[in-house]
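Each chain, letter by letter, is given below.
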Amino acid sequence: MSQARLRGFGRSLPERIVGNAELAPELGCDPAWIVQMSGIEERRWAAASDTLASLGTAAAQDCLARAGVEPREVGLIVAASGSAERRFPGPAAAVGAALGLTGVPAIDLPMASAGSLFGMALAADLCGRYRNVLVVGTEIMSRAICLQPQCRDTAILFGDGAGACLVSAEAGFARITDSLLASDGSYAEALRLELAGPVLMSGQTIIMQATRKIPRAITELLERNGKTAAEIAVFLMHQANRNLIARTARSVGVGEEKFFVNVDRYGNTSSASMLIAAAEWWQGGPPPGPIVFATFGAGLNWGALLAEGV
């Protein structure tokens, strides 16, 4: 992975803001309860004209522009999404077409939540061959939730958006040094989206597994690279739930301030969330130091990735 560098991030968010005051009456709950359970105060919902491809393309364009890279310089596209609008094709080829990249390979990862980190790890392994690999996470989860009181534990969580990352063998501000990926299909039924929808989740199972597996992955990754959590400048984690992020910080032994958080404003945007968070962090002028990315999602799939300044 020594060639792989993070060259830039980008994001795209729908204009419509859905606050808890708007959502709570439909779900038969109090807005304050939503904040207590998730830390989420508002989320973005896609317009009828938005698609996974249109959101993903906008995030990709933002990423490339900020990285100073022309679309024609991209050698491979990897797109992750758990909210596909059809069986096939997925959004990867459509994003490529919108960028004018005829003939450039495009790979779809039909993975909710963890897809963007798996895509980054794949990009790190392949960028030596393809030079510049564009990783996109794009989701419209608002179309997959049940807006009924019996579904409120799940419905309060999700928002829409897209994030993008450019992994390059040519240049970048940080080098990807290692990644750890894992899956456990024995818990696959705990979080799923059937073809007819809606999203179904066993919240207790998911939070129990996530609070164990994310810290364990981070710790193992750091230990095998001779680093401590205290040395990490920032943890960029899947924005699933504010309470989960706080528990993860406690488990790895650092203050919550080391974890970048924007779940309060955007909700859980599944595979897009970590990249949206990374884009906001990076565009804000990130401090130097090692970076840890971490995620957990349906599958179950989870992992962590380490990047260090060059």
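Each remark here, short or long, concerns the structure printed above.
Below or above, wherever it landed, is the structure these notes cover. (Residues numbered from 1 in each chain as written. Predicted model: local features only at pLDDT ≥ 70, side-chain atom pairs only at ≥ 80, totals over all residues. Heavy atoms only, no water.)

## Notes on the pairing of strand β6 (residues 132-140)
Judged by how many residues are buried, β6 sits mostly within the fold: 9 of 9 residues are covered. Every second residue of β6 is oriented toward a common face, with N132, L134, V136, T138 and I140 on one face and V133, V135, G137 and E139 on the other, all of them buried. Across 9 bridges, β6 lies against strand β7 (residues 160-168) in antiparallel orientation. The residue bridging V136 from the neighbouring strand is A164, located in β7. (Buried < 20%, exposed > 50% of the residue type's maximum accessible area, 1.4 Å probe, protein only. Helix = DSSP H or I, 4+ residues; strand = E, 2+ residues; numbered from the N terminus. Pairing = 2+ DSSP bridges.)

## Let's talk about the environment of E26
Note on placement: E26 falls in helix α1 (residues 20-27). E26 sits in the partly exposed class, given a relative accessible area of 41%. Along the primary structure E26 and P149 are separated by 123 residues, whereas in three dimensions their C-alpha atoms are 7.1 Å apart. What E26 contacts, discounting residues up to four positions off in sequence, is L147, Q148 and P149. (Contact = heavy atoms within 4.5 Å.)

## Focus: the nonpolar core
In terms of nonpolar packing, the biggest core is built from 49 residues, with I214, I218, F235, M237, F259, V292 and F296 touching the most fellow members. Put simply, the parts of the chain that give this core at least two residues each are α1, β8 (174-183), α7 (203-224), β11 (234-237), α8 (242-252), β12 (291-297) and β13 (301-309). Here this core gets 7 residues from one element, more than from any other, and that element is α7. The residues touching M237, leaving out its near neighbours within four places in the chain, are I214, L244, I245, T248, F259, M274 and A294. By size, the runner-up hydrophobic cluster in this structure holds 35 residues, among which are C127, V135, A279 and W281. (Core = buried A, V, L, I, M, F, W, Y, C linked by side-chain atoms within 4.5 Å.)

## Here we look at the sheet that holds β6
Pairing is mixed across the open sheet formed by 9 strands, whose spatial order is β5-β4-β6-β7-β1-β8-β13-β12-β11. The sheet is open, and its two borders are formed by β5 (106-109) and β11, each paired with just one other strand. Here the strands of the sheet are splayed against their neighbours by 25° on average, with no regard to which way each runs. When β12 meets β13, the two strands line up antiparallel, connected through 7 bridges. (Axes fitted to C-alpha atoms, helices over the stretch in contact; angles between N-to-C directions.)

## Topic: the state of the cysteines
The full count for this structure, using the stated rule, is 1 disulfide. A disulfide bridge connects C146 with C151, and the sulfur atoms are separated by 2.5 Å. With the S-S bond torsion at 70°, the cross-link from C146 to C151 turns out right-handed. The buried category is assigned to C146, whose relative accessible area is 18%. Left unpaired, C63 is separated from the closest cysteine sulfur, that of C165, by 6.2 Å. (Disulfide = S-S within 2.5 Å.)

## Regarding the side chain of H238
Secondary-structure assignment places H238 in the loop between β11 and α8. Residues contacting H238, with those up to four places away along its chain left out, are S113, I245, N268, S270, S273, M274, A294, T295 and F296.

## A word on the packing of aromatic side chains
What the rule picks out here adds up to 6 aromatic pairs. Between F235 and F259, the aromatic rings sit 4.5 Å apart at their centres with planes inclined by 5°, giving stacked as the arrangement. Of the two residues, F235 sits in strand β11 while F259 sits in the loop between α8 and α9 (263-266), which places them 24 residues apart along the sequence. Given a relative accessible area of 1%, F235 falls into the buried group. An aromatic cluster of at least three residues, connected via ring pairs, comprises F9, F173, W282 and F293. The ring of W33 is capped by R152, whose NZ or CZ atom sits 5.5 Å from the centre of that ring. Lying across the ring of W302, K213 places its NZ or CZ 5.1 Å from the centre. (Phe/Tyr/Trp six-rings, centres within 6.5 Å; stacked < 30°, edge-to-face > 60°. Lys NZ or Arg CZ within 6 Å of the ring centre and 35° of its normal.)

## Section: unusual backbone geometry
Along the chain, F88 connects to P89 via a cis peptide bond; the corresponding omega equals -5°. In this structure, P89 sits in the loop between β4 (76-80) and α4 (91-98). Going from G299 to L300, the amide bond is cis rather than trans, its omega being -15°. The residue L300 is located in the loop between β12 and β13 in this model. Located in the positive-phi region is S113, a residue other than glycine, with phi close to 70°. Structurally, the position occupied by S113 is in the loop between β5 and α5 (115-130). Judged by its relative accessible area of 5%, S113 is buried.

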